[in-house]
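What follows is the residue order along each chain.
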Amino acid sequence: MKQSAIEISGLRKSFGKQTVLSGVDLTVPAGTVFALLGPNGAGKTTLINIMSTLVSPDEGKIRVGGYDVLTEREQVKQNISLTGQFAAVDEVLSAEENLRMIGRLSGLSAAQSRLRTEELLRAFDLVDAAKKRVKTFSGGMRRRLDLAISLVVSRPVIFLDEPTTGLDTISRRALWDIISQLARQGRTIFLTTQYLEEADQLADQIAVINGGRIVASGSAEQLKARVGGEVIELLNAHDEVIHIVPTTGSIQDINRTLNELVQSVPPGTRVNIRRPSMDDVFVALTSNEKEVLHV
Amino acid sequence: MIATDKSVKPASLMTTNLVFIGRSLRHSLRNTEALLMAIMLPVMLMLLFTYVFGGAIDSSGDYVNYVVPGIILLCAGFGSSSTAVDVSNDMTNGIIDRFRTMPIKSLSVVTGHVVASLARNLFATGVVFGVALLVGFRPNASFIEWVLAIAVITLFILTFTWLFAAIGLVAGSPAAASGYGFALLFLPYLSSAFVPTDTMPSWLQGVANHQPITPVIETIRGLLTGTPLDDSAWWAVGWCLLILAIAFLWSLSSFRKKAGRR
């Protein structure tokens, strides 16, 4: 059996009265790409921050790269690299200076840092911009530099918090290529995303998080299957989808579901039955039913 | 293509500090407006006090010898206040999370700003001394007295820089950090920097005589222009060391606290 890169059990975290994570269990095998999928405020970033030692958990056991994030913080730090939600680059410095600085801080000699910087600038298509201050960079360039900085030295576990949020389609695809390449080298990659397509494209395993809880996990196919073969959509008078319910597609199941729903929907609601997409999986797993129904 | 070498040993504390000092120095040199302001403002203040207020305060024309030590301190206070903004900028930017998740002492990022501030301010102090000599400042200090005066000024800059670093760490935003810094800069006006404290109303004398800036100014003035030192040197060093210790511990604890909360 392969060793686990990340093991989380019974993780809870609150900020004051607000519970952010309420009992998360996760295992990520070494050398795989794991996508944590969820809407804004689901607890994705908090989970990443806990795994990368920035935030302490209230409860639970968390091991990253085989080390405990609370008692073996320094060892964990030597095994991870974090690319946060906002490009963590020094805007006043140039791309080259950023990379060299991180190289020196990571323990490379000045000569090694220079060499590694040149390699990474080439690999991430930043040679022309190497001497420019990062302040002048586009979103895509910033993200590429951000990722390059994460790879200055080899770390077995890479955290990417919403790596492609705010990027255009071309930059996003370029970043996907880089991430896939890293995955092929045997790194463990833990990424969070709001985009189903991204999870579908990159990840071996997907977990859906909502309201501080993992509500489903598995491969993309397993998740689709879990929601059922078909869905019942409720549409309002303007043809807008107001609710989606998974169904087995049998007449009994559809009949029972509709009977349950008929009490609470406004007059004029219509029904549509169709096969699910990844979007349906997401909506079904993350929507709070009461809220959706009473819109 | 993106393959990396074998894992390396974490950087030593020495290397970490040097890298962060280099980073902050680069930041200082590239923020030309702030650098220019740090030098121009004290020079303008000195010209203002010497030529505009000087005649009214002391018509003998000797006011420049009185006011230069005060201007030097005001300049140092103003120059170090930008540390609060620099530190706060770093703390509200994503880069601090990267530093914190690396196997290094991440407080060194603050140390870097402190050392850069020290360098910046000593340079600005040099310029102010130069201009002071041009407008008629005539110190009568011996070599030893000069060395001691510069040592006191350095200690004062270091103290206030750490204090401003702590303010930068607790402030919610760079703008707030700048605001708190501004409030502290009124202290020199309530001291013997510009007028002898015995010209003030008696209730204010109590404040002015017993606040930390007055003994520092009296020490520098005494060393450079030969006014009586009495025990102000001891008070100056004592105050500075006390504030320095408090500011350093405050920085340390707020840096840790912020780490846990975010």
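Predicted model, so just to flag it, every value in this text is computed and none were measured. (Residues numbered from 1 in each chain as written. Chains lettered and ligands numbered in written order. Predicted model: local features only at pLDDT ≥ 70, side-chain atom pairs only at ≥ 80, totals over all residues.)

### With respect to the overall build of chain A
Stage number 1. For chain A, the count of helices and strands is 11 helices and 13 strands.
Stage number 2. With the C-alpha coordinates of chain A rotated into their principal frame, the extents come out at 70 × 40 × 40 Å.
Stage number 3. Residues counted as buried form 44% of the 295 residues belonging to chain A.
Stage number 4. Within chain A, counting contacts between residues at least 6 apart in sequence, those at least 24 apart form 66% of the total. (Helix = DSSP H or I, 4+ residues; strand = E, 2+ residues; numbered from the N terminus. Buried ≥ 20, exposed ≤ 12 C-beta atoms within 10 Å, placed from the backbone. Contact = placed C-beta atoms within 7 Å.)

### Structural notes on the overall build of chain B
Stage number 1. Along its length, chain B carries 10 helices and 0 strands.
Stage number 2. The order of helices and strands in chain B, counted from the N terminus, is α-α-α-α-α-α-α-α-α-α.
Stage number 3. Taking 18 Å as the expected radius of gyration for a compact globule of 262 residues, we find that chain B reaches 20 Å, a close match to that expectation.
Stage number 4. With the principal axes as the frame, chain B shows a C-alpha extent of 75 × 35 × 35 Å.
Stage number 5. Within chain B, contacts between residues at least 6 apart in sequence are counted, and of these 80% link residues at least 24 apart. (Rg over C-alpha atoms; globule rule 2.2 N^0.38 Å.)

### Focus on the interface of chain A and chain B
Stage number 1. Contact with chain A, which involves 31 residues of that partner, is made by 30 residues of chain B.
Stage number 2. Here the side of chain A that touches chain B gets 3 residues from one element, more than from any other, and that element is helix α3 (residues 95-105) of chain A.
Stage number 3. Split into classes, the residues belonging to the side of chain A that touches chain B amount to 17 nonpolar, 10 polar and 4 charged. (Nonpolar A, V, L, I, M, F, W, Y, C, P; charged D, E, K, R; others polar.)

### Section: the nonpolar core
Stage number 1. In this structure, Ala35 and Leu145 of chain A are the most contacted members of the largest nonpolar core, which totals 140 residues.
Stage number 2. For this core, the element with the most residues is helix α3 (residues 63-91) of chain B, which contributes 16 residues.
Stage number 3. What Ala35 of chain A contacts, discounting residues up to four positions off in sequence, is Leu191, Thr193, Ala199, Leu202, Ala203 and Ile206 of chain A. (Core = buried A, V, L, I, M, F, W, Y, C linked by C-beta atoms within 7 Å.)

### Quick look at the sheet that holds strand β12 (residues 241-247) of chain A
Residues and elements named next belong to chain A.
Stage number 1. What the 3 strands build is an open sheet, ordered β12-β11-β13; its pairing is antiparallel. The two strands at the open ends of the sheet, each matched to only one other strand, are β12 and β13 (270-274). Strand-to-strand twist across the sheet, computed as the mean angle between neighbouring axes with direction ignored, equals 20°.
Stage number 2. Of the pairings in the sheet, the one linking strand β11 (residues 230-235) to β12 comprises 6 bridges and is antiparallel in character. Of the residues in β12, the one forming a bridge with Leu234 is His243.
Stage number 3. Strand contacts of helix α9 (residues 251-262): β11, β12 and β13, with the helix running at about 140° to β12, the strand carrying the most contacts. (Pairing = 2+ DSSP bridges. Axes fitted to C-alpha atoms, helices over the stretch in contact; angles between N-to-C directions.)

### A closer look at the pairing of strand β7 (residues 157-161) of chain A
Residues and elements named next belong to chain A.
Stage number 1. Extensive coverage of β7 is indicated by the burial of 5 of its 5 residues.
Stage number 2. Side chains Val157, Phe159 and Asp161 of β7 all project onto a buried face; the interleaved residues Ile158 and Leu160 project onto the opposite face, where all are buried too.
Stage number 3. Here 4 bridges tie strand β6 (residues 80-83) to β7, and the two strands are oriented parallel to one another. By the bridge assignment for β7, Ser81 is matched with Ile158.
Stage number 4. As paired strands, β7 and strand β8 (residues 188-193) are joined by 5 bridges and run parallel to one another. Across the sheet, the residue bridging to Val157 is Thr188, located in β8.

### Looking at helix α1 (residues 13-30) of chain B
Since one α-helical turn is 3.6 residues long, residues separated by three or four positions face the same way.
Stage number 1. The end-to-end C-alpha distance of α1 of chain B is 26 Å, a good match for the 26 Å that 18 residues give at a rise of 1.5 Å each.
Stage number 2. Tucked into the core, α1 of chain B has its buried residues touching α3 of chain A together with α2 (32-57), α3 and α5 (108-134) of chain B. (Expected span 1.5 Å × (residues − 1).)

### Here we look at the environment of Ile6 of chain A
Residue and element names in this part refer to chain A.
Stage number 1. With respect to the helices and strands, the residue Ile6 is situated in strand β1 (residues 4-15).
Stage number 2. A C-alpha to C-alpha distance of 7.5 Å links Ile6 and Leu26, two positions 20 residues apart in sequence.
Stage number 3. Those residues in contact with Ile6 that lie beyond four places of it in its chain are Leu26, Thr27, Val28, Met51, Val64, Val157 and Phe190.

### Remarks on the sheet that holds strand β3 (residues 33-37) of chain A
Residue and element names in this part refer to chain A.
Stage number 1. Spatial ordering of the open sheet is given by β6-β7-β8-β3-β9-β10, a layout of 6 strands whose pairing is mixed. If you trace the sheet from one side to the other, it starts and ends with β6 and β10 (213-218), each paired once. Pairs of neighbouring strands in the sheet enclose a mean axial angle of 15°, with direction left out of account.
Stage number 2. In the packing of helix α1 (residues 44-51) onto the sheet, the strands contacted are β3, β7, β8 and β9 (205-210), and the crossing angle to β7 comes to about 150°.

### What about the packing of α3 of chain B against helix α6 (residues 143-170) of chain B?
Residues and elements named next belong to chain B.
Stage number 1. Interaxial distance between α3 and α6 falls to 7 Å at its minimum, and their mutual angle equals 30°. One finds that α3 runs roughly parallel with respect to α6. Classified by chirality, the crossing of α6 by α3 is right-handed.
Stage number 2. Its residues assigned to classes, the contact of α3 with α6 shows 15 nonpolar, 7 polar and 1 charged. (Parallel < 35°, antiparallel > 145°, perpendicular 65-115°, else oblique. Left-handed = near helix turned anticlockwise from the far one by under 90°.)

### Section: the packing of α5 of chain B against α6 of chain B
Residue and element names in this part refer to chain B.
Stage number 1. Between α5 and α6, the least distance of the axes is 9 Å, while the angle of their chain directions is 140°. On the basis of their axis angle, the class for α5 and α6 is oblique. The interaxial crossing formed by α5 with α6 has right-handed handedness. Side by side, α5 and α6 meet where Val110, His113, Val114, Ser117, Leu118, Asn121, Leu122 and Thr125 of the first sit next to Ile153, Thr154, Ile157, Leu158, Thr161, Trp162 and Ala165 of the second.

### Side note on the confidence of the model for chain B
Residue and element names in this part refer to chain B.
Stage number 1. Mean pLDDT over chain B stands at 86; residues scoring 70 or higher make up 95%.
Stage number 2. Note that pLDDT drops below 50 for residues 1-6; the model gives that stretch 11 contacts with residues more than four away or on any other chain.
Stage number 3. The ipTM value of the predicted complex is 0.83, and its pTM value is 0.80. (pLDDT = per-residue confidence, 0-100.)

### Here's the deal with the environment of Arg100 of chain A
Residues and elements named next belong to chain A.
Stage number 1. Secondary-structure assignment places Arg100 in helix α3.
Stage number 2. When the C-alpha positions of Arg100 and Ala225 are compared, they lie 47 Å apart, and in sequence the two are 125 residues distant.
Stage number 3. If sequence neighbours within four positions are ignored, Arg100 has contacts with Ser113, Arg114 and Thr117.

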